[in-house]
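As a plain string of letters, each chain reads:
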Amino acid sequence: MAKTLVYVAHDNLHRNRGALALAAPESHEVVFVESQRMLQSQRWHKQRIFFMLSAARHFAAELKAIGFKVHYLKATDTAAGINSIKNSFSEVIAAEPSSFRLYKSLQSIGVKFIDNDFFLTPRSLFAHWAKGEKSLKMENFYRWQRIRLNILMESEKPVGGAWNFDEENRLPPPKEPYSWPKYPNWQRDQIDLEVIEEIDNSSYVGQIDEEIWGTTRQFALAQLDQFLDKSFADFGPYEDAMTTKSWALHHSLLSPYLNLGLITAEEVIDAAIKRYQKGKIPLSSCEGFIRQIIGWREYINGIYWLFGENYRNENHFGSNRKLLPLFEDASKTSMNCVANSINDIEQRAWVHHIPRLMVLSNLAMLADINPAEFLAWMRRVFIDAADWVMVPNVIGMSMHADGGKMSTKPYIAGGAYISRMSDYCSSCKYNPKLRIGENACPFTTLYWHYLNRNRELLKRNHRMFQQINASKKLADIEATVAAGDEILDGLERGEV
Ligand code: FAD
Ligand code: SF4
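Reading the values: rules and limits
The written sequence of each chain sets the order in which its residues are numbered from 1. Here the convention is simple: chains get letters from A, ligands get numbers from 1, in the order in which they are written. With the structure being a predicted model, the display of local features is reserved for residues of pLDDT at least 70 and the display and counting of side-chain atom pairs for 80 or more, all residues being used for whole-chain, interface and lining totals. As a rule here, side-chain values come from all non-hydrogen atoms in the structure, and water together with hydrogens is ignored. The salt bridge definition used is simple: a Lys or Arg side-chain nitrogen within 4 Å of an Asp or Glu carboxyl oxygen. Put simply, DSSP H or I for four residues or longer makes a helix, DSSP E for two residues or longer makes a strand, and each gets a number counted from the N terminus. Residue burial is assigned from relative accessible area. The probe radius is 1.4 Å, only protein chains are included, and a residue is buried under 20% of its type maximum, exposed over 50%, and partly exposed in between. Near residues are defined by distance, with any heavy atom within 4 Å of the molecule or strand qualifying the residue. Distance and chemistry together define a polar contact, namely a pair of N or O atoms within 3.5 Å, with one atom able to donate a hydrogen and the other to accept it when in protein, and with adjacent residues in sequence counting only for side-chain atoms on both sides. The protein chains shown are the only cover counted for residues, whose accessible areas, like all others here, come from Shrake-Rupley with a 1.4 Å probe. Any residue that is not Ala, Val, Leu, Ile, Met, Phe, Trp, Tyr, Cys, Pro, Asp, Glu, Lys or Arg is counted as polar, Gly included; the first ten are nonpolar and the last four charged. Aromatic pairs are defined between Phe, Tyr and Trp rings, using the six-membered ring for Trp, whenever the two ring centres lie within 6.5 Å; interplanar angles under 30 degrees are classed as stacked, those over 60 as edge-to-face, and all others as tilted.

1. Let's talk about the pattern of salt bridges
Following the criterion strictly, the structure yields 27 salt bridges and no others. For the salt bridge of Arg57 with Glu198, the shortest nitrogen-to-oxygen distance reads 2.9 Å. Placement of the pair is Arg57 in helix H2 (residues 46-65) and Glu198 in helix H7 (residues 190-200), with a sequence separation of 141 residues. Residue Glu198 is classed as partly exposed on the basis of its relative accessible area, which comes to 43%. One salt-bridge network, held together by shared partners, links Glu34, Arg57, Lys74 and Glu198.

2. Re the site of ligand 1
Lining the immediate surroundings of ligand 1 are 29 residues, of which His251, Ser252, Leu253, Ser255 and Asn259 lie closest. Leu253 is positioned such that a nitrogen or oxygen atom in its backbone is 2.7 Å from an oxygen atom of ligand 1. Within the side chain of Trp350, one N or O atom sits 3.1 Å away from an oxygen atom of ligand 1. For ligand 1, whose free accessible area comes to 810 Å², the fraction covered by protein is 98%. Counting residues per element, the ones that place at least two in the shell around ligand 1 are helix H10 (255-260), helix H12 (283-307), helix H15 (353-366) and helix H17 (387-398). Of all the elements, H12 adds the most residues to the shell around ligand 1, at six residues.

3. Topic: the site of ligand 2
Met335, Asn336, Cys337, Gly415, Ile418, Tyr424, Cys425, Cys428, Tyr430, Pro432 and Cys441 make up every residue found near ligand 2. Going through the elements one at a time, helix H14 (336-348) and helix H18 (415-421) are the ones with two or more residues in the shell around ligand 2. Counted by class, the shell around ligand 2 contains nine nonpolar, two polar and no charged residues.

4. Quick look at the packing of aromatic side chains
Counted under the stated rule, the structure contains 36 aromatic pairs. Their ring planes at 70° and their centres at 5.2 Å tell us that Trp129 and Phe141 sit as a pair that is edge-to-face. Of this pair, Trp129 sits in helix H5 (residues 123-131) while Phe141 sits in helix H6 (residues 138-149); the two residues are twelve residues apart in sequence, bridging distant segments of the chain. There is no split in this pair, since Trp129 and Phe141 are both buried.

Here it is as structure tokens:
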């Protein structure tokens, strides 16, 4: 009897999830496809491509080792690869794909979908939650998740009597001397080295020399342990801090592994709760971390499917400036916070959520960068990028390009925020307190410039009322606007 073919997408790398959960070597064969369309369509960060290809090849080897016949194909695109062998099988099955594009492509060739259980919240359940809500606040979703999944709950009340401990978290970087954790080093193996050789001389961007991203489930589990041992206790207080002394602070570095399916949200949450119950982990840190996984991650995936395929094209502010040269080359700016973030991305294809949100996206917003261009850049250069996660994070959360369907206000800030939450400003040419003059911080000037030029669009947003009012009262608003115009020109030339 003909066997069933299981298509394993690059982000379904788990033996017990998706279509593989149903498969056995006697009745199923497995196919992976390296799509040349995907590989050649963008100037991806090398680290990202290396990570995706090497993790898939490792996983294919693991499946072979347990007896599966594995077809590892290189084809013009995924559908072409599957089509080239599918006639020898009774049917082709796959987990519901994580992007609209792959969904359509696999559907068009008759692939049968199995529920995507790489998330804790099925798409239909999220839609059901959303239907009952007036506004789609993440906080409400998160509380609903805590109750639904019975996580950190005590007799239907949140453990500790509060849903969040933001007051205790969100501190600036600690005073030196402070000992930041070390991050594990992955020893590259033969498969890694082969992939590196294949892509190193290509037209991709960034570096690939750091040995931080492992490419197996075994390494993902080691990274989880490392986080729980060395960083979990202090995750909360410093989750929003930025410092030149540590590139990852106490962040878990789990997003790349979670997003490829090498480790699941359930496994991460179970381990975190067990560690918390053993003692020595403050509730504020545990809650702060759990919120990221069962709240933010699930919420973002739910929003991607809820808002549909065209959500990526939203552009509420009509922003149309091209991507600034500094995003491709840190030497095109003297802004210390931006140059540091871009250098970190060049080196590791990763920075944590605050540089993504309050440095890079903040600048893109204040400078009126076209949201689709900024989205494309972010998708190219981050190791953990995927369509489902980048589209809502960029279009909804960080660029407010959806006019507030997702977030109630734009995340914009002047230099004062970056100065408070980082040690970047002390060695920067610019002064975060100044909005005019040679040393004025571009963030500070552009913040007021932005409020002034977008007054009409923001005036009905009650959460922006105070800021808009303050901008109207600025005595030097004309000079600030003129300075902002100059900064925008300078940014385009790569001279700010
Ligand atoms: P931690 O700080 O340790 O958090 C734990 C986990 O929570 C993460 O691993 C991640 O799985 C989850 N998480 C937290 N916030 C989010 C969120 N907003 N969306 C989805 N998951 C979240 N995350 C990605 O995984 N891929 C992306 O492409 C991505 N793009 C982003 C773009 C912007 C503009 C912003 C503001 C955030 C983005 N994030 C993205 C979310 C977040 O920045 C990363 O998940 C996080 O920095 C990954 O590092 P970590 O694993 O150490 O996270
Ligand atoms: Fe960034 Fe402004 Fe601080 Fe310089 S002064 S590091 S540009 S916030």
